[in-house]
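Here are the chains, one letter per residue:
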Amino acid sequence: MPRSTAQTAALLASPDDTEAQFYEALQHADLDHLMALWADDEEIACVHPGGPRIVGLVAIRAAFEAVFQRGAVHVHPERVRRLHSGDCAIHHVLERVQLHAEDKASAPTAWVIATNVYLKTALGWRLVLHHASPGSAGDVQELVADAGTLH
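**Student:** In this structure, what is going on with the overall build of the protein? I would like to understand it.
**Tutor:** Along its length, the protein carries 4 helices and 6 strands. Moving toward the C terminus, one meets the helices and strands of the protein in the order α-α-α-β-β-α-β-β-β-β. Partitioning the contacts of the protein with sequence separation of at least 6, the portion at a separation of at least 24 is 50%. Put simply, the protein shows about 9,000 Å² of open surface, and 55% of that area lies on carbon and sulfur atoms.

**Student:** It is not clear to me how the environment of glutamate 65 should be interpreted in this structure. Could you clarify?
**Tutor:** As for its placement among the helices and strands, glutamate 65 is situated in helix 4 (residues 57-68). Using a relative accessible area of 42% as the deciding quantity, one classes glutamate 65 as partly exposed. Put simply, glutamate 65 and aspartate 32 are 33 residues apart on the chain and 9.8 Å apart in space, counted from C-alpha to C-alpha.

**Student:** Could you clarify how one ought to interpret the packing of aromatic side chains in this entry?
**Tutor:** When we look at a pair of aromatic rings, we describe it by the centre distance and by the angle of the planes. Inspection of every chain in the model, using the stated rule, returns 3 aromatic pairs. Seen in terms of ring centroids, phenylalanine 22 and phenylalanine 64 are 6.4 Å apart; in terms of plane orientation they differ by 90 degrees. Their pairing is edge-to-face. On the criterion of sequence distance, the pair formed by phenylalanine 22 in helix 2 (residues 15-27) and phenylalanine 64 in helix 4 is long-range, its members being 42 residues apart. Centroid distance phenylalanine 64 to phenylalanine 68: 6.2 Å. Interplanar angle 40 degrees. Geometry classified as tilted. Of the two residues, phenylalanine 64 and phenylalanine 68 both sit in helix 4, 4 residues apart, roughly one turn of that helix. Note on accessibility: phenylalanine 64 and phenylalanine 68 belong to one class, buried. Ring pairs connect the aromatic residues Phe22, Tyr23, Phe64 and Phe68, which therefore count as one cluster.

**Student:** Looking at this structure, how should I read helix 4?
**Tutor:** Residue pairs spaced three or four apart in an α-helix point in one direction, given the helix's 3.6 residues per turn. Relative to the 16 Å expected for 12 residues at 1.5 Å per residue, helix 4 spans 16 Å between its end C-alpha atoms, a close match to the ideal helical length. Those residues of helix 4 not exposed but buried are Leu57, Ile60, Ala63, Phe64, Val67 and Phe68. Angular distribution of buried residues about the axis of helix 4 spans 135 degrees; they occupy a single face of the element.

**Student:** Before we go on, may I ask you to explain the pairing of strand 5 (residues 109-121) in this structure?
**Tutor:** Two faces belong to every sheet, and in a regular strand the side chains alternate between them. Of the strand pairs in this sheet, strand 4 (residues 88-98) and strand 5 are connected by 11 bridges, and their pairing is antiparallel. Residue pairing across strands places isoleucine 90 opposite valine 117, the latter belonging to strand 5. Direction of pairing for strand 5 relative to strand 6 (residues 124-135): antiparallel, over a ladder of 11 bridges. In the sheet register, lysine 120 faces strand 6, and the bridge partner there is tryptophan 125. The hairpin turn running from strand 5 into strand 6, its antiparallel successor, is 2 residues long.

**Student:** Could you clarify how one ought to interpret the layout of surface pockets in this entry?
**Tutor:** In this approach the atoms are scanned with a rolling probe the size of a water molecule, which exposes any empty space left behind. In this model, the largest pocket occupies a volume close to 430 Å³. Residue lining of the largest pocket: 20 residues in total, with Pro49, Val67, Arg70, Val73 and Val97 positioned closest to the centre. Of all the secondary-structure elements, those providing two or more residues to the lining of the largest pocket are helix 4, strand 3 (74-85), strand 4, strand 5 and strand 6. The element that contributes the greatest number of residues to the lining of the largest pocket is strand 4, accounting for 3 residues. Residue composition of the lining of the largest pocket, grouped by class: 12 nonpolar, 6 polar and 2 charged.

The rules we used
- Numbering of residues begins from 1 in every chain and follows the order in which that chain's sequence is written.
- Confidence filtering applies because this is a predicted model: local features only for residues at pLDDT of at least 70, side-chain atom pairs given and counted only at 80 or more, and all residues used for totals across whole chains, interfaces and linings.
- Side-chain numbers here rest on the full set of heavy atoms in the structure, without hydrogens or water.
- Helix and strand definitions follow DSSP, with helices as H or I runs of at least four residues and strands as E runs of at least two, each counted in order from the N terminus.
- Contacts are assigned to residue pairs with any non-hydrogen atoms lying within 4.5 Å of each other.
- Residue exposure ignores everything except the shown protein chains as possible cover, and the areas themselves are Shrake-Rupley values with a 1.4 Å probe.
- Only protein chains enter the area calculation, which uses a 1.4 Å probe; residues under 20% of their type maximum are buried, those over 50% are exposed, and those in between are partly exposed.
- Stacked, edge-to-face and tilted are the three classes for Phe, Tyr and Trp ring pairs, Trp counted by its six-membered ring, which pair at centre distances within 6.5 Å; planes under 30 degrees apart are stacked, over 60 edge-to-face, the rest tilted.
- Between the first and last residue of a helix there are one fewer steps than residues, each counted as 1.5 Å, and that sum is the expected span.
- It is the directions from the helix axis to the C-beta atoms that the arc portrays.
- By this definition, two strands are paired if DSSP reports at least two bridges between them.
- Only protein atoms enter the 1 Å grid used here, on which a cavity is any set of points holding a 1.4 Å probe that cannot leave and a pocket is any open set flanked by protein within 12 Å on both sides along at least five of seven lines; residues with an atom within 4 Å of a point are listed as lining.
- Grid points are joined across faces, edges and corners, and a volume is the space filled by probe spheres set on the points.
- We call Asp, Glu, Lys and Arg charged. Ala, Val, Leu, Ile, Met, Phe, Trp, Tyr, Cys and Pro are nonpolar, and the rest, Gly among them, are polar.

So, in structure tokens, the structure goes:
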């Protein structure tokens, strides 16, 4: 049974809620759930690691459909940094991706640096940008108490 608008908005009550559902949808190759998390705006954008900028719901759906043809994406967000201001939230994420292998225990790990941008709408927090680039485990530095002089 489809969810009502109020139920959907309640499930997307914060950027963290939307982000958790985004990664869950990737892990289950659930294209409909994944696309329901995006804002209903033709200016939304997505960049997959090493790929071009993809703009609009139709193009983003086609891109994720192609990704899911290879199966679910075993991705786990780590070391998330959050910047929230009013109706906009930006999350910088280190993603740990388990690559496909015959033996899951020996599956190699890839690292991706992602920026997820969320916008608060009447239907809850929605994704407006997912930009991912190849990375490594050391790419997202932990914050230090004394950053020192910048210049």
